[in-house]
Amino acid sequence: MDEVVATAKYETPQVQTKEAPTFLQIVKKTARHILLILFSVITAFPFLWMLVSAIKTTDEIWKFPPSFWPAEPQWQNFIEAWNSAPFGLYMFNSLFTATAIVLFQIFSAAMMAYALTQFRFKGQKFLFASILAIYMLPAASTYVPSYVILSKLNMLDSYQGMIISNAVSVFGIFFIRQAFMQVPKEMVEAAKVDGASHWTILWKVLLPMTKSSFLTFSLISFVQMFNNYLWPSLILKSQDKYLITMGLRQFFIEGGAYGIKWPLVMAANVFAVVPLLLLFFVAQKWFIKGINDRGVKG
Amino acid sequence: MVTSKYKQFLTISLFMLPALILLLVFWFIPMIVSLFISFTDWDYISPTFSLVGLENYSSLLTDKEFYKVLVNTLVFAVFTVLPTMAIGLALALTLNKKIAGSTFYKAIIFSPWVTPMVAVSIVWSWIFQPEVGILNFLLSSVGLPKIDWLGSSTWAMPAVIMVTVWKGIGWVMIFYLEALQRVPADLYESAAIDGAAKWRRFRYVTLPMISPTTFFLLIITTIDALQAYDQIQVLTQGGPAGSTRTLLYMYYQLAFEQFNMGQATAVSTLLVLITALLSVIQFWASKRWVHY
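Nothing here was measured: the structure is a model prediction, and the numbers come from that model.

Residues at a pLDDT of 70 or more form 94% of chain B, whose mean pLDDT is 89. The ipTM assigned to the predicted complex is 0.89, against a pTM of 0.89.

So, on to helix α12 (residues 247-256) of chain B. Across the ten residues of α12 of chain B, eight count as buried, placing the element largely inside the fold. For α12 of chain B, the complete set of buried residues consists of Leu-247, Leu-248, Tyr-249, Met-250, Tyr-251, Tyr-252, Leu-254 and Ala-255 of chain B. Contacts made by the buried residues of α12 of chain B are with α7 (143-152) of chain A together with α3 (64-95), α10 (211-226), α11 (230-235) and α13 (261-288) of chain B.

Time to look at the interface of chain B and chain A. In this assembly, 70 residues from chain B lie in contact with 68 residues from chain A. At 17 residues, helix α1 (residues 2-37) of chain B tops the list of elements feeding residues into the side of chain B that touches chain A. Of the residues in the side of chain B that touches chain A, the class split is 54 nonpolar, twelve polar and four charged.

Moving on, we get to the packing of helix α15 (residues 262-292) of chain A against helix α7 (residues 156-181) of chain B. Between α15 of chain A and α7 of chain B, whose axes approach to 9 Å, the crossing angle comes to 70°. The pairing of α15 of chain A with α7 of chain B is recorded here as roughly perpendicular in orientation. When the axes of α15 of chain A and α7 of chain B are compared, the crossing they make is right-handed. Where α15 of chain A approaches α7 of chain B, its residues Ile-288, Ile-291 and Asn-292 of chain A are matched on the opposing element by Trp-171, Ile-174, Phe-175 and Glu-178 of chain B. Of the residues belonging to the contact of α15 of chain A with α7 of chain B, the class tally is five nonpolar, one polar and one charged.

Definitions and cut-offs
Residues numbered from 1 in each chain as written. Chains lettered and ligands numbered in written order. Predicted model: local features only at pLDDT ≥ 70, side-chain atom pairs only at ≥ 80, totals over all residues. pLDDT = per-residue confidence, 0-100. Buried ≥ 20, exposed ≤ 12 C-beta atoms within 10 Å, placed from the backbone. Helix = DSSP H or I, 4+ residues; strand = E, 2+ residues; numbered from the N terminus. Contact = placed C-beta atoms within 7 Å. Nonpolar A, V, L, I, M, F, W, Y, C, P; charged D, E, K, R; others polar. Axes fitted to C-alpha atoms, helices over the stretch in contact; angles between N-to-C directions. Parallel < 35°, antiparallel > 145°, perpendicular 65-115°, else oblique. Left-handed = near helix turned anticlockwise from the far one by under 90°.

Right, dumping it as structure tokens:
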């Protein structure tokens, strides 16, 4: 069969690509799969290792050479880890602040994007250029004064402080502005003729037409806020305000450094990592859209 | 007419107000204040401070430790950015052809990007564990000596780099894939498809076509590398012996461990200047370079 195909190909090279694959093509394809499988394994390995380490006993985790699968999976490690520190509270703090922040960011970004795309006014270019300028700059360079400002507002160590100091997203303004510029002018004009106010046009015309951009932005920003560590660790000081990232590090220092509770430390990591991985696998295409539409920083 | 103009002004202002206030309070004003603090000797605790001119900068620039930090930052940036870009591009090229399971591969390789750096760094610190860690097990199983990854000033930096590259490859890959898909197909068809021609096609067609993307990614991932903190904090806290102390980590230590706000903000000003320079280069280049 292969021979026949090969001969046919030799005679009509112009249809080469439409024929059944040659031996060389199969080899190449296999090589590509091997490369991709290799990288997938390397990428996924730390996650797998986290999972299997979480269900080992302390004795087993310290064995050398290490075993891959535990002799007897210690599923109760998850319960024990969950009860060794207020992880429920940490999770709540992260989910609550991240959700509130995303809502505020959507509001402030959509309003600003509306002003930037639907009006012409003096200083508009300057304003946009200024926002553009801070887009790339390291947020950390604002931390000392922002810390002082928050303390003056009496908002250190509070949800309010965490939320308000993150309530504007420069990336969000760009992303939503970009989306609004894609909406045909006629749609907005038609709504105006119907007597719609700017407020109505923004939320009832533009928002529904750019839903996917809003969704993408929400997902990416949510993940970034959930994973946020440096700034929250500066402003949230009491343990009952800790975000999950801060709680994990705290647990790691207490339990991991002396090697006593490594399986529990790994189990605790599972709480933070697995929900995000699931969210990503469900909503993959929206994340990827965010990168393809430009601008999401690594 | 006047009232309608006034009304228009009011409407625009109201729409801009939420973002504008927040931008002013948490971005613009802090940036300026930070610059101002860098000319003072403020220690956060005392209510007074005095202006010291450029002293914070000159003491930084004459401090040997600062140059060590600068070199660390450079090493971290270069050895994070180059492998991330090269591997990301290689994977994108592999995935750019029709291949079964490409969505699955893409998802797996991208997935670390969504996970918290703090959590995955903790996992990696277990992988790096010197006596029983899986990485040293792999090394010893091929006859290599065990390495005290996070405890040696030689290997701590490569370890931090490894984690950073692992987390960033997927992002670069997705970005490159999109760029490759925008390379016009007819440019390919005009080229012959034998082995040697394939390399030439890559070298003279694909590579130049995606060069604006390469440049964009180069700048963005460098800026990102300059801001790395979480993995350093979890894995090494800047150690051992300052071997993983980068500019941003030094800033954190000066400001929030030593409360030397003047010197800390001087470091942050330098960081801003470096980042601004890189952004300006990117902005300037993107105006002169067509993106495909």
